[in-house]
Amino acid sequence: ATIALPAPDTSSQPVTPQALAAVVASQVGGSCAGDESSKNLLRGAVYLGADTERVSLAISTEPLKCPYLDACEEDGDMIVARQLDVPADYPVRIVVARPLPDGKHWVVAEHASLRAQQTGDFAVSLPTLKALATDPRVGVQVDAALNSAGDELPLRWRVAARTSE
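Notes on the structure in this doc start here. Residue positions within a chain follow its written sequence, with the count starting from 1. Two thresholds apply to this predicted model, a pLDDT of at least 70 for residue-level local features and 80 or more for giving and counting side-chain atom pairs, whereas whole-chain, interface and lining totals are computed over all residues. The side-chain numbers reported here are obtained from all heavy atoms of the structure, hydrogens and water having been left aside.

### Examining helix α1 (residues 17-25)
- Counted residue by residue, α1 has eight buried out of nine residues, so it is predominantly covered.
- Inspection of α1 places Pro 17, Ala 19, Leu 20, Ala 21, Ala 22, Val 23, Val 24 and Ala 25 among the buried residues, and these make up the whole buried set. We call a residue buried when its accessible area falls under 20% of the maximum for its residue type, exposed when it is over 50%, and partly exposed in between, using a 1.4 Å probe and counting protein chains only. A run of H or I in DSSP becomes a helix once it reaches four residues, and a run of E becomes a strand once it reaches two; helices and strands are each numbered from the N terminus.

If you want it as structure tokens, here you go:
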């Protein structure tokens, strides 16, 4: 089941991976959530079961431009990319990214799925990924209510690193 996000407030504070995971959980039902941040990338993820079934939302300092991954298209200011040519034990991916107005950061929504590699069907639709990437509350700074929603996310928080890929 998805979660309801609280109404925005007027505060402004740095976004957390937990807040990004809460935004994902408002659109995608999952079993647990986690922090998948890395260099130049602050990312919260919601797992749809296993490591290889996840949807994440990130703030990146690295711009995404076509060509990116196997297939890439521009849709307005958004980039929609797919990585479908991967080894059998790796998930295929759909990535939707858009630049933030500051010109220094990107919002990146990604769905990685091992199941979709066999069937071609992603559990989370492209319109849902686009909705995550264009959510007006998502940015380098967010309101305190969104960070609180991440802190109080009613999903188990994964602390171990991914075991696949």
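### A few points about helix α4 (residues 144-151)
- The buried count for α4 comes to six of eight residues, which makes it a mostly enclosed element.
- Along α4, the residues that are buried comprise Ala 144, Ala 145, Leu 146, Asn 147, Ala 149 and Gly 150.
- The contact criterion used is simple: two residues touch if any of their non-hydrogen atoms lie within 4.5 Å. Considering only its buried residues, α4 is in contact with β1 (13-14), α1 and β9 (141-142).
- Polar contacts, as used here, are pairs of N or O atoms within 3.5 Å; protein pairs need one atom able to donate a hydrogen and one able to accept it. Residues neighboring in sequence count only if both atoms are side-chain atoms. Backbone nitrogen of Ala 145 and a side-chain oxygen of the N-cap are separated by 3.2 Å at the start of α4; the cap is Asp 143.

### Considerations on the state of the cysteines
- By disulfide we mean two sulfur atoms from cysteines, separated by a distance within 2.5 Å. Inspection of every chain in the model, using the stated rule, returns one disulfide.
- Through a disulfide, Cys 66 is tied to Cys 72; the S-S separation comes to 2.0 Å. Between Cys 66 and Cys 72, the S-S dihedral sits near -75°, and the bridge is therefore left-handed.
- Assessed through its relative accessible area of 28%, Cys 66 is described here as partly exposed.
- Judged by its relative accessible area of 26%, Cys 72 is partly exposed.

### Focus: the pairing of strand β8 (residues 106-113)
- Among the eight residues of β8, eight are classified as buried, and the element is accordingly described as predominantly covered.
- Burial along β8 is two-sided: the face carrying Trp 106, Val 108, Glu 110 and Ala 112 and the face carrying Val 107, Ala 109, His 111 and Ser 113 are both buried.
- Paired strands, in this sense, are two strands between which DSSP finds at least two bridges. By the bridge criterion, eight bridges tie strand β4 (residues 53-60) to β8 in an arrangement that is antiparallel. Considered in β8, the bridge of Ser 60 is made with Trp 106.
- Sheet topology places strand β7 (residues 92-99) next to β8; eight bridges connect them, and they run antiparallel. Bridge assignment links Ile 94 to a residue of β8, and that residue is His 111.

### Let's talk about the pattern of salt bridges
- Salt bridge, as applied in this entry: a Lys or Arg side-chain nitrogen positioned within 4 Å of an Asp or Glu carboxyl oxygen. The full count for this structure, using the stated rule, is six salt bridges.
- Between Glu 110 and Arg 43 there is a salt bridge, with the nearest N and O atoms lying 3.3 Å from each other. Of the two residues, Glu 110 sits in strand β8 while Arg 43 sits in strand β3 (residues 41-47), which places them 67 residues apart along the sequence.
- Among the ionic pairs, Arg 82 bridges to Glu 73, the shortest N-O distance being 3.9 Å.
- Assessed through its relative accessible area of 22%, Arg 82 is described here as partly exposed.
- Its relative accessible area of 41% is what places Glu 73 among the partly exposed residues.

### What about the pairing of strand β2 (residues 32-35)?
- Pairing between β2 and β3: four bridges, direction antiparallel. Considered in β3, the bridge of Asp 35 is made with Gly 44.
- Hairpin connection from β2 to β3: five residues lie between these consecutive antiparallel strands, with Asn 40 at a positive phi of about 65°.
- For β2 and strand β10 (residues 156-158), the ladder comprises three bridges, and the chain directions are parallel. Residue pairing in the sheet places Ala 33 in a bridge with Trp 157 of β10.

### Some thoughts on the packing of α1 against α4
- In this analysis an axis means a line fitted to C-alpha atoms, helices contributing only their contacting stretch, and an angle means the value between N-to-C directions, from 0 to 180 degrees. Running from amino to carboxyl end, α1 crosses α4 at an angle of 85°, the nearest separation of the two axes being 7 Å. Regarding the angle of α1 to α4, the classification is roughly perpendicular. Here Gln 18, Ala 19, Ala 22 and Val 23 of α1 come into contact with α4, specifically with Leu 146, Asn 147, Ala 149, Gly 150 and Asp 151.
- Residues belonging to the contact of α1 with α4 are distributed by class as follows: five nonpolar, three polar and one charged. Every angle not falling under 35 degrees, over 145, or within 65 to 115 is termed oblique; those three ranges are roughly parallel, roughly antiparallel and roughly perpendicular. Three classes are used, and their members are as follows: Ala, Val, Leu, Ile, Met, Phe, Trp, Tyr, Cys and Pro are nonpolar, Asp, Glu, Lys and Arg are charged, and the others, Gly among them, are polar.

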